[in-house]
Amino acid sequence: MDWPAAILKLSHVALAMVLVAGIIGRWVTLRRARQSEDIETTVRFTEASHPFERMVVTSSLLILPAGFLTAYAQGYEWLGLTTGWMLVSTLIYVAATLLVPTVFLPRGRAFAVALAEARAAGSVTPALHAAFDDRQVRMARWFEIGGIAVIVALMVLKPF
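Residues numbered from 1 in each chain as written. Predicted model: local features only at pLDDT ≥ 70, side-chain atom pairs only at ≥ 80, totals over all residues. Heavy atoms only, no water.

Topic: the packing of aromatic side chains
Counted under the stated rule, the structure contains two aromatic pairs. Ring geometry for tryptophan 27 and tryptophan 142: centres 5.1 Å apart, planes at 90°, overall edge-to-face. Of this pair, tryptophan 27 sits in helix α1 (residues 3-35) while tryptophan 142 is found in helix α6 (residues 135-157), placing the two residues 115 residues apart along the sequence. Here tryptophan 142 falls in the exposed class, since its relative accessible area comes to 52%. With a centroid separation of 4.9 Å and an interplanar angle of 75°, the aromatic rings of phenylalanine 111 and phenylalanine 132 are classed as edge-to-face. Taken together, the positions of phenylalanine 111 in helix α4 (residues 84-121) and phenylalanine 132 in helix α5 (residues 126-132) put the pair 21 residues apart, joining distant regions of the chain. When sorted by exposure, phenylalanine 111 lands in the same class as phenylalanine 132, which is buried. We note lysine 158 situated over the ring of tryptophan 85; from NZ or CZ to the ring centre the distance is 4.9 Å. (Phe/Tyr/Trp six-rings, centres within 6.5 Å; stacked < 30°, edge-to-face > 60°. Helix = DSSP H or I, 4+ residues; strand = E, 2+ residues; numbered from the N terminus. Buried < 20%, exposed > 50% of the residue type's maximum accessible area, 1.4 Å probe, protein only. Lys NZ or Arg CZ within 6 Å of the ring centre and 35° of its normal.)

Observations concerning the side chain of threonine 46
Along the chain, the position of threonine 46 falls in helix α2 (residues 39-48). Apart from the residues within four sequence positions on either side, threonine 46 is in contact with Leu30, Ala33, Phe111, Leu115 and Phe132. (Contact = heavy atoms within 4.5 Å.)

Brief notes about the packing of α1 against α6
Contact pair α1 / α6: the axes reach a minimum separation of 12 Å and the direction vectors enclose 150°. By the angle class used here, α1 and α6 are roughly antiparallel. Once α1 is placed against α6, the crossing between them reads as left-handed. On the side of α1, the interface is formed by His12, Leu19, Val20, Ile23, Arg26 and Trp27, while α6 contributes Arg141, Trp142, Glu144, Ile145, Ile148 and Met155. (Axes fitted to C-alpha atoms, helices over the stretch in contact; angles between N-to-C directions. Parallel < 35°, antiparallel > 145°, perpendicular 65-115°, else oblique. Left-handed = near helix turned anticlockwise from the far one by under 90°.)

In structure tokens form, the structure reads like this:
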């Protein structure tokens with residue numbers, strides 16, 4: 001067994017597991033925050049989502065380099081980008097990453113303002129409900145989890 005390549009592969013898979021755990025944890029805590037009608041409970045659940053968000057951010061920053069290093073260690077040419085399933089996986093990853101500056105950061109800032117205003121008002125406001133129900137964020141989150149599911153399927157099945 002080629003231990004360096006195996007350890008890189010294990011690291012890449014572990015990062016993927018952290019990414020999925022972070023997405024699910026964030027999803028669960030923010031859903032509970034959205035369902036609450038008490039502003040302090042909403043704030044607590046929103047704050048509880050922060051460690052999960054850090055898991056998502058950290059793992060998503062490290063997962064692509066770990067994948068490329070794994071491909072290199074396994075002897076793939078061009079870091080595996082000449083292999084169909086790796087190229088498609090990378091394109092999906094890049095597309096999901098582009099959601100950060102285009103959707104998640106600007107909508108996250110608007111959400112923070114709505115949350116602060118609701119907290120100052122002492123109640124869950126219509127603006128906060130609207131921020132929780134943002135269609136672009138919801139679609140981006142579904143793309144994120146769907147993209148991960150497709151990438152995992154491509155990694156396991158290696159169809160092309």
